[in-house]
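Architecture and fold: a report
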Number of protein chains: 2
Amino acid sequence: MSELVKVAVDAMGGDNAPAEIVKGAVNAVGADSRVKVFLVGKEPVIKEELKKYTCDTTRLEIVHAGEVIETGEPPVMAIRQKKDSSIVKCMYLVKDGQCDALVSAGSTGAILVGGQVIVGRIKGIERPPLAPIIPNVNGISLLLDCGANVDAKPSQLVQFARMGSIYMESVIGVKNPKVGLVNIGVEEEKGNGLTKETYPLLKECKEIHFIGNVEARDIPMGVADVLVCEAFAGNIVLKMLEGVSDALIGKIKAGMMSSLRSKLGALLVKPALKRTLKSFSTEEYGGAPLLGLNGLVVKTHGSSKAIEIQNSILQCIAFKEQNINQKIKEQIVP
Amino acid sequence: MSELVKVAVDAMGGDNAPAEIVKGAVNAVGADSRVKVFLVGKEPVIKEELKKYTCDTTRLEIVHAGEVIETGEPPVMAIRQKKDSSIVKCMYLVKDGQCDALVSAGSTGAILVGGQVIVGRIKGIERPPLAPIIPNVNGISLLLDCGANVDAKPSQLVQFARMGSIYMESVIGVKNPKVGLVNIGVEEEKGNGLTKETYPLLKECKEIHFIGNVEARDIPMGVADVLVCEAFAGNIVLKMLEGVSDALIGKIKAGMMSSLRSKLGALLVKPALKRTLKSFSTEEYGGAPLLGLNGLVVKTHGSSKAIEIQNSILQCIAFKEQNINQKIKEQIVP
């Protein structure tokens, strides 16, 4: 048997901690014998939650952390001062090599800062992008950067494109993934200063399958597997995807309740609609990796339920077994 | 009777020209006796279309233009060289004071360039933003800038906020409209260089009702009446709104066709669903004004049908009667 993939899980992070986090961890351990989980957080609380389940305790360990970093706290300060917080302890487990990866639904800011300051960047990587998977009508795409680096430079976007291609190919299994530059027009000369400078660099880059500019309108149509942009644009893409979906689904549900006729119809379409909407929900996929670090840091939604935590933990197996960081080092670092 | 509002309409612009444009113009003339339309384009073609309708010809005139600017043409060159094009002729009708406004579904680039070069900016206005109306769950918002000025400066965003407020209050009728800065977090210190510099300027601006940063996720929820951003971000907001809606509606329709049960349900919910989706379609509202010019330039969707052309023409009445440009001059210009 090959070595276990060891994942530190922040039991205190997110709106549904600790219950859903602990449940997700237990389910992940049950679902795949290659994984070992370290539940990091307040031991008595975690123990209480674990009473609800039976599970292989040789692959589920508690690591006590007395503090919690709240979502609103200034991240740099929090990481520096709360040494006994679950996020910081997760980070050190990865940094010290006791774990291969960490999963947290906690403060995005603290995870971004902790990832860079504690886990640390792979030498030669300028900035680590946060790379969520987003749904499209035909499947999924990887969107990076989505929160870590506003006002990024063209050379950084090229690294995002290359790391994203490796991740999409090796972890998600998309052969020769199509890379698109998020822009306001498809023509090469369109865009702002950043995209105009980045386009020719991506075009020259032999290691990726660059398909040119992608307009936001075509992102949900799935025209590209890897979507490259700086974090301000990426955040808008991600949040509009979530916001428009929620708004529209809310409107549709309300519309269906507007008459007796439509209420009857709603009862009949409900199962089919539920399946459809599930495939188009950003919460159905694993968390977002912060790529280019010495170890894997995965950020999941603040509202993560057990299924997302489980998926995020299992995602770490492919990341380790496919030697993503080794590939990044060999292929990208100058 | 007060003076007629004279609107030049580009009969050759857009995917559905000339048929839908001419139809929209005829309907507008029929709908409101305060408006006179000048249909600009190839006279024989327009005449042929007009045969389909009966209408008050004292308020519908043809202005011949022998050329057409195509969507793919480089805009600066097209505006300079195609003096006999429908867009350029519309622009001169406004510049020369023969018309108060123009409506075109043609090349966005050519309209932006022509608006600035031919119609000209109001003195003191740094850059004219393109300001489409977008739907939200509770009503509508004005999004500006949405195509004209990438890499904009903070002072320009402040002008966008002020012009947007005037437009929203006087043309759309929203009292004391809430102005939000599109950003990646709600806290004042969040964002990129541009938004961080713009936030305090908007906060100090006494003439608007600034509510702070707005995350993209909350845009479809209708948290702000006026959404301020530079054109790269604005384009992504608009195009994601359209793209996600289309993708999701496509998925839902396909999902409803997946079983006999759901097909039956679909028949029952169809009328309610249609009403719902109509209120959330960007095409249901008038065109996007290019604010801050010496006259009104309205850009409608390339795919505009007669109803959008009609709405856009009628929108020009409020714009003129409310003296928007006079208000912009008095209130904004330093």
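Residues numbered from 1 in each chain as written. Chains lettered and ligands numbered in written order. Predicted model: local features only at pLDDT ≥ 70, side-chain atom pairs only at ≥ 80, totals over all residues. Heavy atoms only, no water.

This paragraph deals with the interface of chain B and chain A. With 53 residues of chain B at the interface, the matching set in chain A holds 53 residues. Interface area, chain B with chain A, both sides summed: about 4800 Å², of which 74% is carbon and sulfur. Scanning the region where chain B abuts chain A turns up 6 salt bridges. The partner of A:Lys239 in a salt bridge is B:Glu215, and the shortest N-O contact between them spans 3.2 Å. (Contact = heavy atoms within 4.5 Å. Buried area = accessible area lost by both parts, 1.4 Å probe. Salt bridge = Lys/Arg side-chain N within 4 Å of Asp/Glu carboxyl O.)

Attention now goes to the packing of aromatic side chains. Residue and element names in this part refer to chain A. Under the defined criterion, the tally for this structure stands at 4 aromatic pairs over all chains. Centre to centre, the rings of Tyr167 and Phe319 are 6.0 Å apart; their planes meet at 50 degrees, and the pair counts as tilted. Of the two residues, Tyr167 sits in helix α6 (residues 154-172) while Phe319 sits in helix α10 (residues 306-321), which places them 152 residues apart along the sequence. Measuring from ring centre to ring centre gives 5.2 Å for Tyr199 and Phe210, while their planes differ by 75 degrees; the resulting arrangement is edge-to-face. Pair noted here: Tyr199 is in helix α7 (residues 193-204) and Phe210 is in strand β8 (residues 209-215), with a separation of 11 residues, a long-range link. Across this residue pair, the class does not change: Tyr199 and Phe210 are buried. (Phe/Tyr/Trp six-rings, centres within 6.5 Å; stacked < 30°, edge-to-face > 60°. Helix = DSSP H or I, 4+ residues; strand = E, 2+ residues; numbered from the N terminus. Buried < 20%, exposed > 50% of the residue type's maximum accessible area, 1.4 Å probe, protein only.)

This paragraph deals with the relation of the copies chain B and chain A. When chain B is fitted to chain A, the best match, at an RMSD of 0.0 Å, comes from turning it 180 degrees and sliding it 0.0 Å along the axis. Interpreted geometrically, this transformation is the action of a two-fold axis. In terms of proximity to the rotation axis, the leading residue of chain B is B:Gly265, whose C-alpha is 1.8 Å off the axis. A share of 100% of the interface residues of chain B reappears at the interface of chain A, consistent with the copies meeting face to face through the same patch. (Least-squares fit on C-alpha atoms with pLDDT ≥ 70 in both.)

All names here are of chain B. Those residues of helix α11 (residues 324-331) that sit buried are Ile324, Asn325 and Ile328. Across the axial projection of α11, the buried residues extend over an arc of 100 degrees, all falling on one side. Those residues of α11 that are buried lie in contact with α6 (154-172) and α10 (306-321). (Arc of directions from axis to C-beta.)

To continue, consider the sheet that holds strand β10 (residues 288-290) of chain A. All names here are of chain A. Strand order in the open sheet made by the 6 strands is β3-β2-β1-β4-β11-β10, with mixed pairing throughout. Whereas interior strands pair on both sides, the edge strands pair on one side only; in this sheet they are β3 (60-64) and β10. Strand-to-strand twist across the sheet, computed as the mean angle between neighbouring axes with direction ignored, equals 25 degrees. In terms of strand pairing, strand β4 (residues 101-104) meets strand β11 (residues 296-299) through 4 bridges, oriented parallel. The partner of Val103 across the bridge, within β11, is Val298. (Pairing = 2+ DSSP bridges. Axes fitted to C-alpha atoms, helices over the stretch in contact; angles between N-to-C directions.)

Quick look at the sheet that holds strand β9 (residues 226-228) of chain B now. Residue and element names in this part refer to chain B. Strand order in this open sheet of 5 strands is β5-β6-β9-β7-β8, and the pairing throughout is mixed. For this open sheet the edge positions go to β5 (133-136) and β8 (209-215), each flanked by a neighbour on one side alone. For this sheet, the mean angle separating the axes of adjacent strands, direction not counted, is 35 degrees. Sheet topology note: the strand β7 (residues 178-183)/β9 ladder contains 3 bridges and is parallel. By the bridge assignment for β9, Val179 is matched with Val226.

On to the side chain of A:Asn235. Relative to the elements of secondary structure, A:Asn235 occurs in helix α8 (residues 231-256). When sequence neighbours within four positions are dropped, the list of residues in contact with A:Asn235 reads A:Cys146 and B:Ile184.

With that out of the way, let us pick up a nonpolar patch on the surface. A cluster of nonpolar side chains, A:Leu260, A:Leu264 and A:Leu267, forms an exposed patch at the surface whose accessible area comes to about 340 Å². By the element assignment, A:Leu267 lies in helix α9 (residues 260-279). (Patch = residues over 30% accessible without salt bridge, like charges linked within 9 Å, V, L, I, M, F, W, Y side chains within 5 Å. Areas by Shrake-Rupley, 256 points an atom, 1.4 Å probe, with all protein chains shown as cover.)

Here chain A shows a mean pLDDT of 92. Residues at 70 or above account for 98%. Quick note on the complex model: pTM equals 0.91, ipTM equals 0.90. (pLDDT = per-residue confidence, 0-100.)

Attention shifts here to a positive patch on the surface. Residue and element names in this part refer to chain A. A surface patch of positive charge is lined by Lys253, Lys270, Lys274 and Lys278. Of the residues forming the positive patch, the biggest block, 3 residues, is contributed by α9. Tracing the backbone through its elements, the reader meets Lys270 in helix α9. Among the residues examined, Lys270 registers a relative accessible area of 52% and is labelled exposed. (Lys, Arg positive; Asp, Glu negative; His and termini not counted. Charge placed at Lys NZ, Arg CZ, Asp CG, Glu CD.)

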